[in-house]
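Structural overview for review
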Amino acid sequence: MPISEYLRNLRSKMGPTLLLVPSVTGLVFDGDGRILLVRHSNGGVWVAPGGAIDPGETPQDAVAREVWEETGLHVKPIRLCGVFAGPEFHVQYSNGDEVSYVMAVFECDRIDGHLHADEDEVLEARFFAPSELQSVNLARWARFILPPIVRSGQRTWLPPVKWEPPGASG
C-alpha cells in the first residue's frame, strides 16, 4: 500500500508540505547473514522493508505489517536496533510530497511466508551479502544505517550525538 488513508487525508489538507512521519524498518537476515532489501518503485533505490506507522498501531505491529505487505514474509520483531532521524531521512517523492521520517529499526526473525515483491510499491526483493552493499544503489538513509549495522554484526548502532548547547565548545 503506497500511502495510508490517514496520510492521504492529511495530504488533502496540507498539500506537499514537509510532514514529520513516524516509521519503521525491518532488518531480516537469512541463515547466511545476508540482509533482505527491497527495490522501491519510487526512484528504484534499495532499502530494508518498512513504512509509516498507522494511527493506533504499535511500532512492532507496523514493522510486521510492512514487511508482510512489501515482501510476503511473516516476521516477528525481536530487537530494537535504534531510532533514527535527521537530514538522511528527509525524502521528497516524485509527486512533490516531502517527508522527514523518524524511523524505529527492528531486527526481525522470519516466521513464515514466501519472498516476493508486491509489484506496486516494491519492484524486487532479495537478500544481499554484507560485501554487496557497497555496489547496491541504496537510499540515502539506508546508506547511513545499514552498512554499520550489517558490518558490526551487533545489530545495534547509534551515530554520535552532534548537538551541543549554545555557546558550548566541544
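See the structure above.
Residues numbered from 1 in each chain as written. Predicted model: local features only at pLDDT ≥ 70, side-chain atom pairs only at ≥ 80, totals over all residues. Heavy atoms only, no water.

Think of a ball as big as a water molecule: rolled over the atoms, this probe shows where empty space is left. Counted as a void, the largest pocket has a volume near 1000 Å³. As for the largest pocket, its lining consists of 41 residues, and the residues nearest its centre are H40, N42, Y93, Y101 and E121. Looking at the lining of the largest pocket, the elements that each hand over two or more residues are α1 (5-14), β1 (19-28), β4 (50-52), α2 (59-71), β6 (90-92), β7 (98-113) and α3 (140-152). The element best represented in the lining of the largest pocket is β1, accounting for 5 residues. Its residues placed into classes, the lining of the largest pocket shows 18 nonpolar, 13 polar and 10 charged. (1 Å grid on protein atoms, 1.4 Å probe; cavity = no way out; pocket = protein on both sides within 12 Å on 5 of 7 lines; lining within 4 Å. Points joined across faces, edges and corners; volume = space filled by probe spheres on them. Helix = DSSP H or I, 4+ residues; strand = E, 2+ residues; numbered from the N terminus. Nonpolar A, V, L, I, M, F, W, Y, C, P; charged D, E, K, R; others polar.)

Across the 6 residues that make up strand β2 (residues 35-40), a large majority, 5, are buried. Here β2 pairs with strand β8 (residues 122-128) via 6 bridges, running antiparallel. Each residue of the ladder has a partner; that of H40, found in β8, is V122. Here β2 pairs with strand β3 (residues 46-47) via 2 bridges, running antiparallel. Across the sheet, residue V38 finds its bridge partner in β3, namely V47. The hairpin turn running from β2 into β3, its antiparallel successor, is 5 residues long, and G43 in that turn takes a positive phi close to 95°. (Buried < 20%, exposed > 50% of the residue type's maximum accessible area, 1.4 Å probe, protein only. Pairing = 2+ DSSP bridges.)

Strands sit in the order β3-β2-β8 across an open sheet of 3 strands; the sheet is antiparallel. The outermost strands of the open sheet, each flanked by one partner alone, are β3 and β8.

Attention now goes to α2. With 13 residues, α2 should reach 18 Å at 1.5 Å per residue; the first-to-last C-alpha distance of 18 Å fits that figure. All buried positions along α2 are accounted for by A62, V63, A64, R65, E66, V67, E70 and T71. Against β1, β2, β4, β5 (73-84), β7 and β8 lie the buried residues of α2. Once α2 ends, the next one or two residues include G72, with phi positive near 80°. (Expected span 1.5 Å × (residues − 1). Contact = heavy atoms within 4.5 Å.)

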